[in-house]
Amino acid sequence: LDTCLLCRRCELACPSGVAFGRIMDRAKAEWFANRPRHRLSQIAENPRKLRAATLLARLAPAWLTRPFPQLGRAHRLARTLYAETPPAAGTYPALKQPARGRVGLFAGCATAAQQGSALNAALLLLRHGGFDVVVPADAGCCGALATHAGNTARAQAFAANNQQAFDTELDAIVSIASGCGTHLAAAEPRLTAPHADICQFLLAHDGIHRDDLQPRQQRALLHTPCSVENVYRGGSWAAKILALVPDLQIEPIGEAGQCCGSAGDYLLRHPITAERLREPLLAAAADSDADVLLTTNVGCAMHIAAGLAERRQQIEVLHPIELLARQLR
């Protein structure tokens, strides 16, 4: 129970359609109810605490963490991605009026702390696609970490908070981290509007066109997280939307559905196994001449970027929509 990554690859392969993820969550709720949680996992569920901890980690010198291996690991993770300030709470009008609809943007915890630039890119692309965008002030953690730790009551409290944070006049609620999104789509109580992944939403609503994008003569590695392949069943979404960028060459990296080892807080609880699972991706990146790696989950992005930094490989790790936003005319 403790060492399962919850990648749910077994669900993709199972001919009987066994809902293994739900079975594991129920089992953990019984078995882990009275077990102590990783302290850093608790911090990760609070957007304000996590942003403060990330800022502190970026400012603190590395030698301070050397006597504490777990803290050192978290310190390195916090410094892997470019942490741009995420969009402030509010309503942002569509860039093309009249608006085609009204959507909510879910910021999350690690995404807001580590990938503010990806949230800003999502906001820009949604507005460019003709949608008014609402960023609520009170949305918090999706509850995935609490669910996988067996804390059902805490996870339900997060879900209830998010249900109240998003108003009822939305056509959709869009998230950009697949780990959060797959949980949001199934959490109880349900959100006030249908949930969609950002790549899925832009494709379904024709939110961006090839003529909107400047050419980019570059080779990019595309990693498909297990949450996208095994749970969303949307392994083609990112590739399809990136194909709109003229001259961009996309090279898949890793085996679709194979976990990179990040798996929520798994990389903190089982660092040695997490690093072994990441090794094939790092080796493949080393054999490529690409200078950018794209992935749609913030945990994967942090884990892979940390490994690249340790190897001193100069490969930028981005969310696909960050690259799209950079190419927008």
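Scroll up a little and you will see the structure.
Residues numbered from 1 in each chain as written. Predicted model: local features only at pLDDT ≥ 70, side-chain atom pairs only at ≥ 80, totals over all residues. Heavy atoms only, no water.

Draft legend 1. Unusual backbone geometry, seen in detail. Cis geometry is adopted by the peptide bond preceding P98, which originates at Q97 and carries an omega value of 0°. Among the structural elements, P98 can be located in the loop between β1 (90-92) and β2 (101-106). A cis amide bond links E188 with the next residue in sequence, P189, at an omega value of 0°. You can see P189 is positioned in the loop between α10 (178-184) and β5 (195-197). Here R8, not a glycine, exhibits a phi torsion of approximately 65°, which is positive. Position of R8 relative to the elements: it lies in the segment before α1 (9-13). Despite not being glycine, A263 shows a phi value in the positive range, around 50°. Taking relative accessible area as the criterion, A263 reaches 25% and is therefore assigned partly exposed. (Helix = DSSP H or I, 4+ residues; strand = E, 2+ residues; numbered from the N terminus. Buried < 20%, exposed > 50% of the residue type's maximum accessible area, 1.4 Å probe, protein only.)

Draft legend 2. Structural context of the sheet that holds β1. Strand order in the open sheet made by the five strands is β1-β3-β2-β4-β5, with mixed pairing throughout. The open sheet has two edge strands, β1 and β5, and neither has a second partner. Strand-to-strand twist in this sheet, taken as the mean axis angle between neighbours without regard to direction, amounts to 30°. One ladder, built from three bridges, connects strand β4 (residues 172-175) with β5; its direction is parallel. Opposite I173, over in β5, you have H195 as the bridge partner. Here helix α7 (residues 116-128) sits on the sheet and contacts β1, β2 and β3 (131-135); the angle it forms with β2, its principal contact strand, is near 175°. (Pairing = 2+ DSSP bridges. Axes fitted to C-alpha atoms, helices over the stretch in contact; angles between N-to-C directions. Contact = heavy atoms within 4.5 Å.)

Draft legend 3. Geometry of helix α17 (residues 320-327). Most of α17 sits inside the fold, with seven of its eight residues counted as buried. Along α17, the residues classified as buried are P320, I321, E322, L323, L324, A325 and Q327.

Draft legend 4. Broad picture of the sheet that holds strand β7 (residues 248-253). Here we have four strands laid out as an open sheet, ordered β7-β6-β8-β9, and parallel in their pairing. Both outer strands of the open sheet, β7 and β9 (316-318), are each paired with one neighbouring strand and no more. Between one strand and the next, the sheet's axes are offset by a mean angle of 30°, whatever the strand orientation. Sheet analysis places strand β6 (residues 218-223) next to β7, joined by six bridges and oriented parallel.

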